[in-house]
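Take a look at the letters that make up each chain.
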Amino acid sequence: MFSARDIQIMKLILKQGKSLVVAVNKMDVASDDTEEYFDWMLSFFKQMGSRIPIVELSAKQGWGVSEVLETAIMVSKKRRRIIPPKELITAFKEMLGKSKEKVVHATMSPPNPNEGPVINLKLSHRGTSFSPAKVEELEARFQREFAFDGTQVRINLQ
């Protein structure tokens, strides 16, 4: 299991908008409860609102090590991609469904080294506003739908 410090570090990394890949070493000596542990990890990450790639490896046996680098490169490429405004607007219209709020404009700023992608979303205000929890829900859904695995996404409502 993760130590309290591991969890604190992962939360800090995600809060700061940085990407994260979890490498689980010593899989060559995995015990019978390994599958249960992975289920727990996936549940834990889901509770954190993130899809974080997990790579199994054995540094001693030399397997899985290159997959860690490949996964980190994949996450980095996804982190840097920019989704065109038209595609953003369509996605958010679907996410908002029958909400009274309508998407007027959407842009995506490229991530800088200190944070993940930032989406600037302009909505028509029709007497409703989004709670911080609703914004977090939209961020998590966007992260899932556009496969920003291991990268936190931030939405600015205008």
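In this report, we go over the structure that sits alongside the text.

Definitions and limits used
Residues numbered from 1 in each chain as written. Predicted model: local features only at pLDDT ≥ 70, side-chain atom pairs only at ≥ 80, totals over all residues. Heavy atoms only, no water. Helix = DSSP H or I, 4+ residues; strand = E, 2+ residues; numbered from the N terminus. Buried < 20%, exposed > 50% of the residue type's maximum accessible area, 1.4 Å probe, protein only. Pairing = 2+ DSSP bridges. Polar contact = N/O pair within 3.5 Å; in protein donor to acceptor, adjacent residues only side chain to side chain. Expected span 1.5 Å × (residues − 1). Arc of directions from axis to C-beta. Contact = heavy atoms within 4.5 Å. Axes fitted to C-alpha atoms, helices over the stretch in contact; angles between N-to-C directions.

**Things to note about the environment of Ser19**
- Looking at where Ser19 falls in the secondary structure, it is placed in the loop between helix H1 (4-15) and strand S1 (22-24).
- Measuring from C-alpha to C-alpha, the distance between Ser19 and Ser76 comes to 7.3 Å, with 57 residues separating the pair along the chain.

**Some thoughts on the pairing of strand S4 (residues 118-124)**
- With 6 of 7 residues buried, S4 lies mostly within the body of the structure.
- As paired elements, S4 and strand S5 (residues 154-157) share 4 bridges and run parallel to each other. In the sheet register, Val118 faces S5, and the bridge partner there is Arg154.

**Some thoughts on the side chain of Glu139**
- By the element assignment, Glu139 lies in helix H5 (residues 132-145).
- Relative accessible area serves as the criterion here: at 13%, Glu139 is assigned to the buried category.
- At 2.8 Å, the side chain of Glu139 forms a polar contact with the backbone nitrogen of Ile155.

**Topic: helix H4 (residues 85-96)**
- When the terminal C-alpha atoms of H4 are compared, their 16 Å separation across 12 residues agrees well with the 16 Å that a helix rising 1.5 Å per residue should span.
- Taken together, the buried positions of H4 are occupied by Leu88, Ile89, Ala91, Phe92, Met95 and Leu96. Along the axis of H4, the buried residues cluster in a sector spanning 165°; they form a single face. Of the residues in H4, the exposed ones pointing more than 90 degrees away from the buried face are Lys86 and Glu94.
- The inward-facing, buried residues of H4 contact strand S3 (102-109), S4, H5 and S5.
- Taken from the residues just after H4, Gly97 is the one with a positive phi, measuring 55°.

**Remarks on the sheet that holds S4**
- Across the sheet, 3 strands lie side by side as S3-S4-S5; this open sheet has mixed pairing. Taken across any chain shown, the strands that pair with only one partner, and hence form the sheet edges, are S3 and S5. The mean angle between the axes of side-by-side strands here comes to 25°, regardless of whether they run parallel or antiparallel.
- When S3 meets S4, the two strands line up antiparallel, connected through 7 bridges.

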